[in-house]
2 protein chains.
Amino acid sequence: MAATQSLELLIQALRRLPGVGAKSAARMAFHLLQHDRDGAQALSRALAQAVEQVRHCARCHTFTEAEVCAVCLDPERDATRLCVVETPADQAALERTGAFRGLYFVLMGRLSPLDGIGPADIGIQALLDRARDGVVQEVILATNFTAEGEATAHVVSEALRRDGLAVTRLARGVPVGSELEFVDLGTIAHALADRR
Amino acid sequence: MAATQSLELLIQALRRLPGVGAKSAARMAFHLLQHDRDGAQALSRALAQAVEQVRHCARCHTFTEAEVCAVCLDPERDATRLCVVETPADQAALERTGAFRGLYFVLMGRLSPLDGIGPADIGIQALLDRARDGVVQEVILATNFTAEGEATAHVVSEALRRDGLAVTRLARGVPVGSELEFVDLGTIAHALADRR
């Protein structure tokens, strides 16, 4: 497709997006240049602005444009509870429930030894420093219930317990609205063990 | 995910890419800001440059940075044959075969009445003007073999034949390397009718 250098550069740049291969990138470039040049300009500006403005909250590491994010600054929130999540998207999911009024710590990743992502890369030391502020009484681990998320929760929990902090994990169990017949066995076994 | 305005703008802008929904856009934004800020900057620059530099060839309508593209300017090419394709990607596929040494006309789209894309939108008049230059002897229709591509070929061919131009269509038949057992019936029927 790329008879022109600008087009070739654009296709190469689009391929750096996760989940976008050569054909998708060519289709995106064609769409933008043929049907949505305004969209291309808007995306160009949004990328430049986000790279310039978005940084990490000094307290919880989530994305923010200020030194400290709005959640961390909110005096209404319960500073004795700290919820550890993998990404801002996970934090947003928890916020949407309206069931948690404490503070967060966003790891911005998960342990993944196969990808060379170890404890230092997900800022475990920063989490320990944050949790030792003397106010936090309970750390709630809300990493994903995948193999990598569970490994992350295990490592984080070991480190926090050495510091004498109370550590809890989101409950494993049967999802709301599901029929037992169609729930996987591991989930049912966990729900049985953790019955209350 | 979007606690910050720049991030929200970026996610909205990414959603304008074809095939990218809310979750993909959030994942892309997270990836770029967390793991590939260089990539985000490169993409921002590539978009701005492409929007500014890339325009359509005055003769064949493909993407180019010059007034007329390199293929149209190539004196080695056979100007008596004009191949009509839907997109620059289709043109690139034909070029890779090395089997065509004529010139192209790129419609930059296809007829799609359901999407409100009629003959005027794919520049049929410009194609007629181009084909009536007195040099072109044969117009080869290489639009896709989809319902929309076939409809486009039909309309284009009717218009060109009214002008007394010789119009041909790429052969329909059994793909190279395929086993008849697994080829769809319509293709086999066409291959039988067009046997040679």
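About the cut-offs
Residues numbered from 1 in each chain as written. Chains lettered and ligands numbered in written order. Predicted model: local features only at pLDDT ≥ 70, side-chain atom pairs only at ≥ 80, totals over all residues. Heavy atoms only, no water. UniProt positions renumbered as here; feature names shortened; annotations may be inferred. Buried < 20%, exposed > 50% of the residue type's maximum accessible area, 1.4 Å probe, protein only. Least-squares fit on C-alpha atoms with pLDDT ≥ 70 in both. Contact = heavy atoms within 4.5 Å. Pairing = 2+ DSSP bridges. Helix = DSSP H or I, 4+ residues; strand = E, 2+ residues; numbered from the N terminus. Axes fitted to C-alpha atoms, helices over the stretch in contact; angles between N-to-C directions. 1 Å grid on protein atoms, 1.4 Å probe; cavity = no way out; pocket = protein on both sides within 12 Å on 5 of 7 lines; lining within 4 Å. Points joined across faces, edges and corners; volume = space filled by probe spheres on them. Nonpolar A, V, L, I, M, F, W, Y, C, P; charged D, E, K, R; others polar. Right-handed = clockwise from strand over helix to strand, strands pointing away.

- The name an unreviewed UniProt entry assigns to chain A is Recombination protein RecR, from the organism Simplicispira suum.
- Taken from UniProt, the Function (unreviewed entry) comment for chain A reads in full: "May play a role in DNA repair. It seems to be involved in an RecBC-independent recombinational process of DNA repair. It may act with RecF and RecO."

Comments concerning unusual backbone geometry
The phi angle of most residues is negative, glycine excepted, and most peptide bonds adopt the trans form.
Then, number 1: For methionine 108 of chain A, which is not glycine, the phi dihedral falls at a positive 60 degrees.
Then, number 2: For methionine 108 of chain A, a relative accessible area of 6% corresponds to the buried category.

Description of the relation of the copies chain A and chain B
Then, number 1: Overlay of chain A on chain B (RMSD 0.1 Å): rotation 180 degrees, translation along the axis 0.1 Å. Here the two chains are linked by the operation of a two-fold rotation axis. If distances are taken from each C-alpha of chain A to the rotation axis, the shortest is found for serine 44 of chain A, at 2.0 Å.
Then, number 2: Both copies contact each other with a shared surface, as 100% of the interface residues of chain A are interface residues in chain B too.

What about the sheet that holds strand β5 (residues 138-141) of chain B?
All names here are of chain B.
Then, number 1: Sheet architecture is open: 4 strands sit in the order β4-β3-β5-β6, paired in parallel fashion. Both outer strands of the open sheet, β4 (102-106) and β6 (166-169), are each paired with one neighbouring strand and no more. For this sheet the average axis-to-axis angle between neighbouring strands, irrespective of direction, equals 25 degrees.
Then, number 2: Alignment of strand β3 (residues 78-85) against β4, held across 5 bridges, turns out to be parallel. If you follow aspartate 78 over to β4, its bridge partner there is glycine 102.
Then, number 3: Lying on the sheet, helix α5 (residues 88-97) is in contact with β3 and β4; it crosses β4 at an angle near 160 degrees.

Things to note about the layout of surface pockets
Over the atoms, a rolled probe matching the size of one water molecule traces out where space is still vacant.
Then, number 1: Considered as a void within the structure, the largest pocket measures approximately 980 Å³ in volume.
Then, number 2: If you go around the largest pocket, you meet 39 residues; those closest to its centre are Phe30 of chain A together with Thr87, Ala89, Asp90 and Arg110 of chain B.
Then, number 3: When contributions to the lining of the largest pocket are tallied by element, the ones reaching two or more residues are α1 (5-14) and α2 (22-35) of chain A together with α5 of chain B.
Then, number 4: The element contributing the most residues to the lining of the largest pocket is α2 of chain A, with 8 residues.
Then, number 5: Taken together, the residues of the lining of the largest pocket sort by class into 18 nonpolar, 10 polar and 11 charged.

Section: the pairing of strand β5 (residues 138-141) of chain A
Residue and element names in this part refer to chain A.
Then, number 1: A two-sided burial pattern is seen for β5, the buried positions comprising Glu138 and Ile140 on one face and Val139 and Leu141 on the other.
Then, number 2: As defined by bridge partners, strand β3 (residues 78-85) adjoins β5 across 4 bridges and the pair is classed as parallel. Across the sheet, residue arginine 81 finds its bridge partner in β5, namely glutamate 138.
Then, number 3: Bridge analysis of β5 against strand β6 (residues 166-169) gives 4 bridges, and the strand direction is parallel. The residue of β6 that forms the bridge with isoleucine 140 is threonine 168.
Then, number 4: What joins β5 to β6 is helix α7 (residues 147-162), and the crossover it makes is right-handed.

Things to note about the sheet that holds β3 of chain A
All names here are of chain A.
Then, number 1: Spatially, 4 strands are ordered β4-β3-β5-β6 in an open sheet, and the strand pairing comes out parallel. Since the sheet does not close on itself, it has two edges, and those belong to β4 (102-106) and β6, each with one partner. In this sheet, neighbouring strand axes are inclined to one another by 25 degrees on average, regardless of whether the strands run parallel or antiparallel.
Then, number 2: Most of the contacts of helix α5 (residues 88-97) go to β4, to which it runs at about 160 degrees, and overall it touches β3 and β4.
Then, number 3: Lying over the sheet, α7 contacts β5 and β6, oriented at roughly 165 degrees with respect to β6.

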